[in-house]
Each structure stands twice: as C-alpha cells, then as structure tokens.
Amino acid sequence: MKKTNITSIIIFHCVIPLLIGFIIYVLFRDKNIQLFIFFERIGVSNFINNIREHTLPFSEYIPKLILYNLPDAIWVYSFSIIMGIIWYRTRYFIYWLSIGFVLGLSSELCQLFNIIKGTFCRVDLFFNIFAFVLAYKYFTNYRRSHRYEF
Amino acid sequence: MNSKIIRSLISLFITGIFLLFAYSNSESENKSITESKTESTKVELNADVRFDGAQFIISNEDDFDWKNVRLEINSSGLRSGYIYRADLIKSNTTYTIGALQFAKKDGERFNPFQSKPLNFSIICELSGGKSGIFYGGWE
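Residues numbered from 1 in each chain as written. Chains lettered and ligands numbered in written order. Predicted model: local features only at pLDDT ≥ 70, side-chain atom pairs only at ≥ 80, totals over all residues. Heavy atoms only, no water.

1. Quick word on the overall build of chain A
Operational definition: Going along the chain from the N terminus, every DSSP run of H or I of four or more residues is numbered as a helix, and every run of E of two or more is numbered as a strand. For every residue, the accessible area obtained with a 1.4 Å probe (protein chains only) is divided by the maximum for its type, and the residue is called buried under 20%, exposed over 50%, and partly exposed between those limits. The contact criterion used throughout is that any non-hydrogen atoms of two residues lie within 4.5 Å. Here, Shrake-Rupley sampling with a 1.4 Å probe gives the accessible areas, and only protein chains in the shown set may cover a residue.
Counting secondary structure elements, chain A contains six helices and zero strands. Overall, chain A shows an N-to-C arrangement of helices and strands of α-α-α-α-α-α. When the 150 residues of chain A are sorted by exposure, 48% land in the buried category. Long-range contacts, defined as pairs at least 24 residues apart, comprise 70% of the intrachain contacts of chain A with a sequence gap of at least 6. Working note: accessible area of chain A is about 8200 Å², and carbon and sulfur atoms make up 69% of it.

Below you can see the structure in the form of structure tokens.
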C-alpha cells in the first residue's frame, strides 16, 4: 500500500466515520454515557449543553437506526479498516480484521447476559456483521484493483 | 525488530484506543435489559402553559423536578426563538414569567404588544440522564 493511499483510507474510512459516530453520541443521544462525565471533568459540559439545546430537538426526526445502531457499526468498520491496513497482505490479515467484529459481538453477548452495562439489541448484531463484511469487501476490492502494485 | 512484532504492538495500541472510545460511549448507569435499544430515554413533560397577554403561567404537572430548564417561545425550524432559562422548576408548582424576560441571543426581547406567542417549548434535564421535552402551540 502506498503512503498516500493509507492516509486517504484512514481519513475517509476511519477518522470521518468515527467523527460522525462521535457527533451522533454528543449531539443527539441522551446524556447517560461516560463521555458526559468526562466532559464535566474537563469543564466543557456547559459548552456542549448549549450546542445540545439546539440539536436535541432534531433527534426526534433522525431515524432510530442511525441514532442507536449506526455508531456501533461505525466503530466495528473503522477498527476493521485500521487492522486491515496494518496487516494487509500478511497471512494474519483475516484474524486481525475479525477482531473488531469479535469485540462487537462479545460486547453484545455480554450485554445479553448482563455481564456488562448496556442494552442487548439484535439489530446491533446485524449491523456488526454488516460493518465487518463491508470492511472485508473493501480490502478484497482494493487488492483486486491494485494487484500489480508492489 | 521483527515487523510482525511491530505490527502487533501497533495493533494492540490501536485496540486500546478503540476500547477506550467504546467505553466512553457506554452507559454510565445500570439499565434493565430490554429487547430493543431503540427505546428512547426522552420524557414528554406534563406541562400547562397559559398566556394572559403579559405573562406566561407555567405549571409543572409532573411528579419530578425539571432541572436546567430552557423555555422558548416562537421557535421555528433551525431559528431559535425567545428564550428564558431557569435552573429549577419544581414538581406540581406554578411559575409566572413576564413575557419581556424572554429574549433572543442578540438581546431582543419578546414584546407581547407587537408579537403573538405561537408556540412554546420546554427542554430540561431529568434525573438518570434523561431529557424532558414539551411542545405546545396557540392558534
């Protein structure tokens, strides 16, 4: 993989998706997550609250799949892409690529059996699988289109 | 150093960052397990809002207090209306707020002799990280 390719993959397939997930959590979701405790500790909660006053009413118009399921899928996708970049064209590629999916899956199962806090959701499982397949497909397509690259 | 070891160390480091990111977005308090996550924690407030021509009479008809309350009149879409903020509105209590106390961010006050209140919204914080929302309008 060329350096320029790696940078653009990281920006478009990791940083921007993660930023979208972060924005969903901060501006449109409820405040019962650890992140808001962190915001309070670093003294930016008033600033965040001011922005949320304008954005929160719009959360009613955003599909619940985007609000509640997409951020988890984004997490799995971005993580898989990063691992894919690191282990591209090695025999360990598929194992490391699967870690994001395995972590997402085990997190959901732990929620199901009340081992960790959170709410189990079957849609999240589906989104996790979809994100993993999407990341895998990205690398197989990349390999196909860059087969003569050294 | 062997490239496999370097790759492994970088991967573990990135895994740690991603796990930290996941932890920061995890719930900060216990919730019961439900089938679907799509259940919102937004609560529709039981409020009674009246306007007597000069003052707004707002009643909190809920059995819980509203905290960090933002009361707004005549908001439309992305444009914010005239806002009044209150730290606390106690449960089963009625408050009277003069119309002139509602102001836009640029300082323009709501003049009840020039404008008619068309809608009224309340956004507040509730215990347990929940948000309270009320929206009503006059014809």
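2. A word on helix α1 (residues 3-24) of chain B
Where we set the bar: Each residue after the first adds 1.5 Å to the expected span of a helix.
In this model α1 of chain B runs 32 Å from its N-terminal to its C-terminal C-alpha over 22 residues, within 8% of the 32 Å that 1.5 Å per residue would give. By the burial criterion, the buried members of α1 of chain B are S11, I14, T15, F18 and S24 of chain B.

3. Some points on the sheet that holds strand β2 (residues 47-51) of chain B
All names here are of chain B. As a reminder, the rule being used: Strands were regarded as paired on the criterion that DSSP finds at least two bridges between them. Axes here mean lines fitted to C-alpha atoms, for a helix over just the part in contact, with angles spanning 0 to 180 degrees between N-to-C directions.
Spatially, the three strands line up as an open sheet ordered β2-β3-β6, and their pairing is antiparallel. Only two strands of the sheet have a single partner each, and these edge strands are β2 and β6 (93-98). Each strand axis lies, on average, 15 degrees off the axis of its neighbour in the sheet, ignoring direction. Pairing analysis gives five bridges linking β2 to strand β3 (residues 55-60), with the strands arranged antiparallel. Residue R50 lies in a different strand from β3, and its bridge partner there is I57.

4. Remarks on the environment of L103 of chain A
Relative to the assigned elements, L103 of chain A resides in helix α5 (residues 93-112). With a relative accessible area of 27%, L103 of chain A lands in the partly exposed category. Along the sequence, L103 of chain A and V76 of chain A sit 27 residues apart, while their C-alpha atoms lie 8.3 Å from each other. Sequence-distant contacts of L103 of chain A, defined by excluding residues within four places in its chain, comprise W75 and F79 of chain A together with T15 and L19 of chain B.

5. As for a nonpolar patch on the surface
The condition is simple: Surface patches are drawn from residues lacking salt bridges whose relative accessible area is over 30%; two like charges belong together within 9 Å, two nonpolar side chains (Val, Leu, Ile, Met, Phe, Trp, Tyr) within 5 Å. One side-chain nitrogen of Lys or Arg within 4 Å of one carboxyl oxygen of Asp or Glu is enough to make a salt bridge.
Taken together, the side chains of L109, L112, F113, I115 and I116 of chain A make up a nonpolar region of the molecular surface, amounting to roughly 470 Å² of accessible area. Here I115 of chain A falls in the exposed class, since its relative accessible area comes to 61%.

6. Considerations on the pattern of salt bridges
All names here are of chain B. Applying the stated criterion across every chain, the model contains two salt bridges over all chains. We note a salt bridge from R50 to D48, for which the minimum N-O separation is 3.0 Å. The shortest N-O distance in the salt bridge between R70 and E72 comes to 2.7 Å. For the pair formed by R70 and E72, the shared burial category is buried.

7. Topic: the side chain of S78 of chain A
Position of S78 of chain A among the secondary structure elements: in helix α4 (residues 64-86). With a relative accessible area of 0%, S78 of chain A lands in the buried category. Apart from residues lying up to four places away in sequence, S78 of chain A is in contact with H13, C14, P17 and L18 of chain A together with F18 of chain B.

8. Overview of the pairing of strand β4 (residues 66-73) of chain B
Residues and elements named next belong to chain B. The buried fraction of β4 is high, at six of eight residues. By the bridge criterion, seven bridges tie β4 to strand β5 (residues 82-89) in an arrangement that is antiparallel. Across the sheet, R70 pairs through a bridge with R85, a residue of β5. Bridge count between β4 and strand β7 (residues 119-125): five bridges; the pairing is antiparallel. Pairing of R70 across the sheet is with I123, part of β7.

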